[in-house]
Amino acid sequence: MRIVVATIVHDAEDARILHRQIGALLAAGDEVVYVAPVEPGVDLRRPGLRVRPVRRARGRRRLSALIEVRRVLAEESRNADLTVVHDPEMTLLDRWIAGPRIWDVHEDLPAQISDKAWIPKVAHGAVRAGARLLERRAGRRFSLTLAEPAYADRLGDHPVVRNTPLFPDQAQPPGEDRVVHLGRLSKGRGAEVLLETARLLPKGIRMDLFGSADEDVADLLAQASRSVAVHGAVSNPMALAAISGAMAGLALLRDLPNYRHSVPTKVLEYMAHGVPIIATPLPEVRRIVERYGVGFLVPFDDPSAVVDAVAELENEEVRARCAANGRRLVAAEFDWRFDAAVMREAYLMAVT
């Protein structure tokens, strides 16, 4: 197949889009045109992949990016078997996309409004209503794939291509001198708790943060204690290599609607790489931690409890047990190879 894959919201090196989905398509022999905002100096060259750089949509500044990508999609989709878009606003461009098209639904769109700092709180109700209308419109004009089974309650029965990790054959044993956090830093994702936790960590244990930061937490990061290393946005393969050997992976998301019915990808990536988990008790995460013994749960917004959990992991036997349980679980139930097969079957069905 010749497939156009497009985003204006996500980084061009997005783990789900580039490293998992496009990687699986190229491995299957498909030809991919990747329409994405590419930062200067980033080299995405791979056999079978052609890149069409476009500008990025940020915050409220989206219209110019949408207009530009409309033109590119109109050009590229004419010669493609399938077009896959990864941003809800791009579903408005259906008139300019020739042939079969899929919207890959990454998140609960109405629920995530509360975690978007650039949307004024007074507008949340209206924006949430607009998001529901946009979803209904997209459901009539696009085939859908869903990143979470829970989205089916709202969007209907569609193929579920989970955001599962690439499972490494080997992993370093967890060490004893650092805790890590993968992914975007925002207030909803526990940025303030992370930084306060770092301040309370015992001497000799540091915190590494890998991921972009929302504007409203940038000042907090600038004032972070010396025990925090803020690495910013790095490619997913580099971040995963860097977390290997950590004593704990942190997932301190707050109790927001967008997070209640999913397993954060960072939790699965920690487990795949043999890193014990310290996480807040969102329902799906609670189920995994309690049933499989992969780490510790801590109350929401409680840095002291996080430090107590870190203390539990100073025991080498506890760390090793959590690490082994996590890798065993991912290999059995959350290996990306399973979801890659579901994705490609959904794409084949869309073009027939």
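Residues numbered from 1 in each chain as written. Predicted model: local features only at pLDDT ≥ 70, side-chain atom pairs only at ≥ 80, totals over all residues. Heavy atoms only, no water.

Caption draft 1: View of the sheet that holds strand 12 (residues 295–297). Reading across the sheet, the 6 strands line up as 9-8-7-10-11-12 and stay open at both edges, with parallel pairing between neighbours. With partners counted over all chains shown, the strands left at the sheet margins are strand 9 (228–232) and strand 12, one partner each. In this sheet, adjacent strand axes meet at a mean angle of 20 degrees when their direction is disregarded. Here 5 bridges tie strand 7 (residues 178–182) to strand 8 (residues 206–210), and the two strands are oriented parallel to one another. Residue pairing in the sheet places His181 in a bridge with Leu209 of strand 8. Where helix 5 (residues 191–200) meets the sheet, it contacts strand 7, strand 8, strand 9 and strand 10 (248–251), and its direction lies at approximately 155 degrees from that of strand 8. Across the sheet, helix 7 (residues 236–243) lies against strand 7 and strand 8, angled at about 160 degrees from strand 7, the strand it touches most. (Pairing = 2+ DSSP bridges. Helix = DSSP H or I, 4+ residues; strand = E, 2+ residues; numbered from the N terminus. Axes fitted to C-alpha atoms, helices over the stretch in contact; angles between N-to-C directions. Contact = heavy atoms within 4.5 Å.)

Caption draft 2: Structural context of the nonpolar core. Counting residues in hydrophobic clusters, the biggest one holds 28 residues, and the most contacted among them are Val179, Met207, Leu209, Leu250 and Ile278. Breaking this core down by element, the ones donating at least two residues are helix 5, strand 8, strand 10, helix 10 (303–312) and helix 11 (316–333). If we ignore the near neighbours within four places in the chain, the residues touching Leu209 are His181, Leu185, Leu194, Leu195, Leu221, Val228, Ala229, Val230, His231 and Gly232. Listed in part, the 27 residues of the second largest apolar core include Leu182, Ala251, Ala272 and Val330. (Core = buried A, V, L, I, M, F, W, Y, C linked by side-chain atoms within 4.5 Å. Buried < 20%, exposed > 50% of the residue type's maximum accessible area, 1.4 Å probe, protein only.)

Caption draft 3: Molecular detail of the pattern of salt bridges. Using the criterion set out here, one finds 26 salt bridges in the structure. Across the pair Asp43 and Arg45 runs a salt bridge whose closest N-O atoms are separated by 2.8 Å. A single network of salt bridges, built from pairs that share partners, joins Arg2, Glu31, Arg50, Arg52, Arg71, Glu75 and Glu76. (Salt bridge = Lys/Arg side-chain N within 4 Å of Asp/Glu carboxyl O.)

Caption draft 4: Representation of a negative patch on the surface in the model. Together, Glu176, Asp177, Glu314, Glu316 and Glu317 make up a region of like negative charge exposed at the surface. Relative to the helices and strands, Glu176 resides in the loop between helix 4 (152–155) and strand 7. (Patch = residues over 30% accessible without salt bridge, like charges linked within 9 Å, V, L, I, M, F, W, Y side chains within 5 Å. Areas by Shrake-Rupley, 256 points an atom, 1.4 Å probe, with all protein chains shown as cover. Lys, Arg positive; Asp, Glu negative; His and termini not counted. Charge placed at Lys NZ, Arg CZ, Asp CG, Glu CD.)

Caption draft 5: Spotlight on the pairing of strand 5 (residues 101–105). Buried residues dominate strand 5, accounting for 4 of its 5 residues. Examined bridge by bridge, strand 4 (residues 82–85) and strand 5 share 3 bridges and lie parallel to one another. Bridge pairing in strand 5 links Thr83 to Arg101. Here 4 bridges tie strand 5 to strand 6 (residues 143–146), and the two strands are oriented parallel to one another.

Caption draft 6: Geometry of the packing of helix 1 (residues 15–27) against helix 12 (residues 336–351). Interaxial distance between helix 1 and helix 12 falls to 10 Å at its minimum, and their mutual angle equals 65 degrees. Judged by the inter-axis angle, helix 1 sits roughly perpendicular to helix 12. Like other packed secondary-structure pairs, helix 1 and helix 12 cross with a definite hand, here right-handed. On the side of helix 1, the interface is formed by Arg20, Gln21, Ala24 and Leu25, while helix 12 contributes Trp336, Ala340, Met343 and Tyr347. Across the contact of helix 1 with helix 12, the residue classes break down as 6 nonpolar, 1 polar and 1 charged. (Parallel < 35°, antiparallel > 145°, perpendicular 65-115°, else oblique. Left-handed = near helix turned anticlockwise from the far one by under 90°. Nonpolar A, V, L, I, M, F, W, Y, C, P; charged D, E, K, R; others polar.)

Caption draft 7: Spotlight on the packing of aromatic side chains. Applying the stated criterion across every chain yields a total of 0 aromatic pairs. In this structure, Arg70 packs its charged tip against the face of Trp96, placed 4.9 Å from the ring centre. The ring of Trp96 carries Arg95 above its face, with NZ or CZ at 4.9 Å from the centroid. (Phe/Tyr/Trp six-rings, centres within 6.5 Å; stacked < 30°, edge-to-face > 60°. Lys NZ or Arg CZ within 6 Å of the ring centre and 35° of its normal.)

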